[in-house]
Each structure stands twice: as structure tokens, then as C-alpha cells.
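Close look at the chain arrangement
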Amino acid sequence: MGLYDRYLAYRIRRDETPPPAHVALVITERDLLEQGAYETLSRFFELAFEVGADRITVYVSVLDEAAAPTLARQFDDLDAPRPVAVRGPDDDERADAPIQVSIGLGGKHEFTAAVQGVAKEVSRGELEPGAVDEEEIERRLVFPAEPDLVIKTGAERLSDFMIWQSVYSELYFTDLNWRDFRDRDFYRAIREYQDRQRRFGR
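Let me begin by describing the structure that accompanies this report.

Reading the values: the criteria
For every chain, the first residue of the written sequence is number 1, and numbering continues from 1 onward in sequence order. The predicted nature of this model means local features are confined to residues of pLDDT at least 70 and side-chain atom pairs, given and counted, to a pLDDT of 80 or more, with totals for whole chains, interfaces and linings taken over all residues. Note: side-chain values were computed over all heavy atoms of the structure, leaving out hydrogens and water. Just to be clear on terms, a salt bridge is a Lys or Arg side-chain nitrogen sitting within 4 Å of an Asp or Glu carboxyl oxygen. Here a strand is any run of E in DSSP of at least two residues, a helix any run of H or I of at least four, and the numbering for each starts at the N terminus. Note on exposure labels: buried denotes an accessible area under 20% of the residue type's maximum, exposed denotes more than 50%, and partly exposed covers the range between, all computed with a 1.4 Å probe on protein chains only. We place a 1 Å grid over just the protein atoms. Points where a 1.4 Å probe fits but has no way out form a cavity, open points with protein on both sides within 12 Å along at least 5 of 7 lines form a pocket, and any residue with an atom within 4 Å of a point lines it. Grid points are joined across faces, edges and corners, and a volume is the space filled by probe spheres set on the points. Only Asp, Glu, Lys and Arg are considered charged, only Ala, Val, Leu, Ile, Met, Phe, Trp, Tyr, Cys and Pro nonpolar, and every remaining residue, Gly among them, polar.

Topic: the pattern of salt bridges
Per the counting criterion, the structure on display carries 17 salt bridges. For Asp5, the salt bridge identified is with Arg184, shortest N-O distance 3.1 Å. Remark: Arg184 occurs in helix H6 (residues 183-200) and Asp5 occurs in helix H1 (residues 3-14); sequence separation between them is 179 residues. The class for Arg184 is partly exposed, based on a relative accessible area of 23%. One salt-bridge network, held together by shared partners, links Glu121, Glu136, Arg139 and Arg140.

Some thoughts on empty space enclosed by the protein
This structure, assessed with the given rule, holds one cavity of 30 Å³ or more. Taken as a whole, the largest cavity encloses approximately 40 Å³ of empty space. Contributing to the lining of the largest cavity are Thr57, Tyr59, Ser102, Leu105, Gly107, Glu110, Phe143, Phe161 and Met162. Elements supplying a minimum of two residues to the lining of the largest cavity: strand S2 (55-61) and helix H4 (107-123). Grouping the amino acids of the lining of the largest cavity by side-chain chemistry returns five nonpolar, three polar and one charged.

Shown next as C-alpha cells:
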């Protein structure tokens, strides 16, 4: 770790504003085809937990859903500091690990499936229409936890990512592609998050 990186890490530790407990990362299928992409992910996980996160979500957007199983197998071999739960386009099982990975499971699809689940229970008489609230939707989501900070690399545009969960998240965009993402870029995202939280409190 270079001197500047150490300085940023020190500033994060010394700041009275706590770092995000849940960090989400939005990358693309193409990002994972770059050399060293998974090593960068492993390092990202280590840094996030070192800084103070207790949950990390990675959303990988894919152009072809057929690529999802291959990408999922890559995550099985990933050197990760904590357990990883990977979900693909057709999964509906809740992801409950400290590191959650969505591969091609779009936010619109996830939300639609949750609403369909509610509608089926209402039609069967198992749930009163008046009892349908945010909690009923959230308990049917594959990724129910709300990120404090969403980091998007490559462009200032979000993919079809956790549209329900990220409504109150802080969004951080960087022009860097994932292959060029360094420790200092993560630290800068955390510092920006802390600055925003501090300004909001004034």
C-alpha cells in the first residue's frame, strides 16, 4: 500500500462518521473477462471488511444470460474472506451470506417476481390485500438488504440493479473501468460517502 493510500485509510479511520455497513458494487460481464478481475474483487472484499463493512453485494450485468453459470463457477473458486452466495437469472432463493453476488438477476425481474408472489398469496386467500406492505415485498426479494453505498465503475449510469433496495443508497460513480480499480479508488468512495453523511447531518 502506497503512502497516499495509507493517508486515505487513516482519514477514514479517524473520521467520526462511520463507513458504510453495506457496500454494493456494480460491474459488467466484460469487466470479469479482463486479466486480474477476480484478484481485484478479492482485494475489494478484503478492503471493504477492513474498513468496517459487514455485507457486500456485487451485481454483474450480463448481455447473455447463458454466460451466468460460467461466471457463477468462477465465483466458486474465488479467494474470498467470508462466505459467498451467488444467484443467477432464474434464482429465487434468498441470498443471506456476507458476500452476495447477483449475476444477471435484474432488479426489475426480482421486483416483479416478488409482486407476483404476493399476488398469488392474495388470490389463494392466504394474504389479505390490506396486509400488503413494504415488508411483504422485501421478504420475497432475493437480495433484501439495502446498500448504504453503491459503487458503479465505468460510467455514470446504473444497470438494472436493486431498484427497490437502493432507493436511499448513496451512489458513487467512477470513470475507471474495473481492471483499473485500485485501493485508493475504493478509499475515495468511502471518503465521499463520509463527507455526504456529514453534510446531511448539518
